[in-house]
Amino acid sequence: MTMNRRTLTSAMAAAAVAGLLPASVLAQKKLVLGFAQVGAESEWRTANTESIKSAAKDAGIELKFSDAQQKQENQIKAIRSYIAQKVDVIAFSPVVESGWDTVLREAKAAKIPVVLTDRAVNSKDDTLYVTFMGSDFVEEGRKAGRWLVEKMKDQKGDVNIVELQGTVGSAPAIDRKKGFEEIIKADPKFKIIRSQTGDFTRAKGKEVMEAFLKAEGKKINVLFAHNDDMAIGAIQAIEEAGLKPAKDITIISIDGVKGAFEAMIAGKLNVTVECSPLLGPQLMNAVKDIKAGKTLPKRIVTEEGIFPMEVAAKEFPSRKY
Ligand code: GZL
């Protein structure tokens, strides 16, 4: 008769209580974390994955990891496999906000705690997860908007903006747009004349920016990109159209990855709003706290800054992602 992990654990616990096994043996049982990652769509995501893998290793936590290639059905499949394997904790970054209640109820029924990292879900039932740790995307959008309002304060005529949105339905795309529009709506000179998803990738960002340039040409004053990868793709399109990025078209993006600092140092990107992917250590602490029976806050917000091109060269050497 094969014993599954949970039965084995309870047998070990009984043995330890009976004094047959030293508690230290029990204590040495490695915690197992199942992590369902969004994909590998951007520099940010690559750094986020690296942070999770290295932090699990440092924490002595066994990590089961999956890459969903930005498909929700793959993330749901991965979560179900972690439930079947009876991992100690499940964590994931939901590729989109909706459609998670069923699988999260299955995890709850299996008594496996779930941690949301990076992105949120729009479930009405917040008992389906222990905590959500990640950035305040609305505030990131506000920071981008405030920088633009300041930059254009002496501009008299219309400021025509094109917007490269992140993955449709994802928390960062919805919330960054919301925060940006909340700030610029104070002045009617700011007009978003085109807005379309570039799915957070360089390739799609370039493709959509080419279409924007074809349709609007020299009318475009500003590009607001929901992440650096799409901005970097768009910079290529702007240069191929014979225009000067960050001069003919002001470019604002979000993440603060190395590629953005390199673009700012080259004078091709005006500003990037920081969104830290380095969530690994915080996640491992949460896993250990949960298994130790500690109560966690429902929301853990990562603190972040904003980096205009003027400070890029000075800041670049100390950047960690
Ligand atoms: C934000 C994260 C976003 C990044 C993109 O926390 O979910 O996904 O802004 C990444 O670069 O693809």
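Residues numbered from 1 in each chain as written. Predicted model: local features only at pLDDT ≥ 70, side-chain atom pairs only at ≥ 80, totals over all residues. Heavy atoms only, no water.

**As for the packing of helix α3 (residues 43–59) against helix α11 (residues 280–291)**
Moving on, step 1. Running from amino to carboxyl end, α3 crosses α11 at an angle of 45 degrees, the nearest separation of the two axes being 8 Å. Taken together, the axes of α3 and α11 are oblique relative to one another. As α3 packs across α11, the resulting crossing turns out to be right-handed. Of α11, the residues touching α3 (which contributes S51, I52, A55, A56 and A59) are G280, P281, L283, M284 and K288.
Moving on, step 2. When its residues are assigned to classes, the contact of α3 with α11 shows seven nonpolar, two polar and one charged. (Axes fitted to C-alpha atoms, helices over the stretch in contact; angles between N-to-C directions. Helix = DSSP H or I, 4+ residues; strand = E, 2+ residues; numbered from the N terminus. Parallel < 35°, antiparallel > 145°, perpendicular 65-115°, else oblique. Left-handed = near helix turned anticlockwise from the far one by under 90°. Contact = heavy atoms within 4.5 Å. Nonpolar A, V, L, I, M, F, W, Y, C, P; charged D, E, K, R; others polar.)

**What about the site of the ligand?**
Moving on, step 1. Around the ligand, a shell composed of 13 residues is seen, among which E41, D118, R119, R176 and D255 lie nearest.
Moving on, step 2. R176 has a polar side-chain atom sitting 2.8 Å from an oxygen atom of the ligand.
Moving on, step 3. N227 has a polar side-chain atom sitting 2.9 Å from an oxygen atom of the ligand.
Moving on, step 4. Taking 320 Å² as the accessible area of the ligand by itself, protein coverage stands at 100%.
Moving on, step 5. Judged by its atoms lying within 2 Å of the grid points, the ligand is housed in the largest cavity.
Moving on, step 6. Elements supplying a minimum of two residues to the shell around the ligand: α3 and α7 (171–184).
Moving on, step 7. For the shell around the ligand, the per-class residue count stands at five nonpolar, two polar and six charged.
Moving on, step 8. Each of two domains, domain 1 (30–134 + 277–302) and domain 2 (137–275), supplies a minimum of three residues to the shell around the ligand. (Near = heavy atom within 4 Å. Polar contact = N/O pair within 3.5 Å; in protein donor to acceptor, adjacent residues only side chain to side chain. Areas by Shrake-Rupley, 256 points an atom, 1.4 Å probe, with all protein chains shown as cover. 1 Å grid on protein atoms, 1.4 Å probe; cavity = no way out; pocket = protein on both sides within 12 Å on 5 of 7 lines; lining within 4 Å. Sits in = over half its atoms within 2 Å of the grid points. Domains from an automatic or database assignment.)

**Some remarks on the UniProt feature "domain: Periplasmic binding protein" (unreviewed entry) in the protein chain**
Moving on, step 1. Per the UniProt record, "domain: Periplasmic binding protein" (unreviewed entry) is annotated on residues 38–294.
Moving on, step 2. For the annotated span residues 38–294, helix accounts for 45% and strand for 18% of the residues, and the straight-line distance between the end C-alpha atoms is 28 Å. (UniProt positions renumbered as here; feature names shortened; annotations may be inferred.)

**Regarding empty space enclosed by the protein**
Moving on, step 1. Taken as a whole and judged by the stated rule, the model has one cavity of 30 Å³ or more.
Moving on, step 2. Quantified by volume, the largest cavity comes out at close to 110 Å³.
Moving on, step 3. Around the largest cavity, the lining is made up of 13 residues, and of these W44, R45, R119, F200 and D255 lie nearest the centre.
Moving on, step 4. Breaking the lining of the largest cavity down by element, the ones donating at least two residues are α3 and α7.
Moving on, step 5. When its residues are assigned to classes, the lining of the largest cavity shows five nonpolar, two polar and six charged.
Moving on, step 6. Of the domains in this structure, domain 1 (30–134 + 277–302) and domain 2 (137–275) are the two that each give at least three residues to the lining of the largest cavity. (Points joined across faces, edges and corners; volume = space filled by probe spheres on them.)

**Things to note about the pairing of strand β4 (residues 114–117)**
Moving on, step 1. Of the two faces of β4, the one carrying V114 and L116 and the one carrying V115 and T117 are both buried.
Moving on, step 2. The sheet contact formed by strand β3 (residues 89–92) and β4 spans three bridges and is parallel. Each residue of the ladder has a partner; that of F92, found in β4, is L116.
Moving on, step 3. On the question of chirality, the crossover connecting β3 to the parallel β4 by way of helix α5 (residues 101–109) is right-handed.
Moving on, step 4. The pairing of β4 with strand β5 (residues 131–134) spans three bridges and is parallel. Across the sheet, V115 pairs through a bridge with T131, a residue of β5. (Buried < 20%, exposed > 50% of the residue type's maximum accessible area, 1.4 Å probe, protein only. Pairing = 2+ DSSP bridges. Right-handed = clockwise from strand over helix to strand, strands pointing away.)

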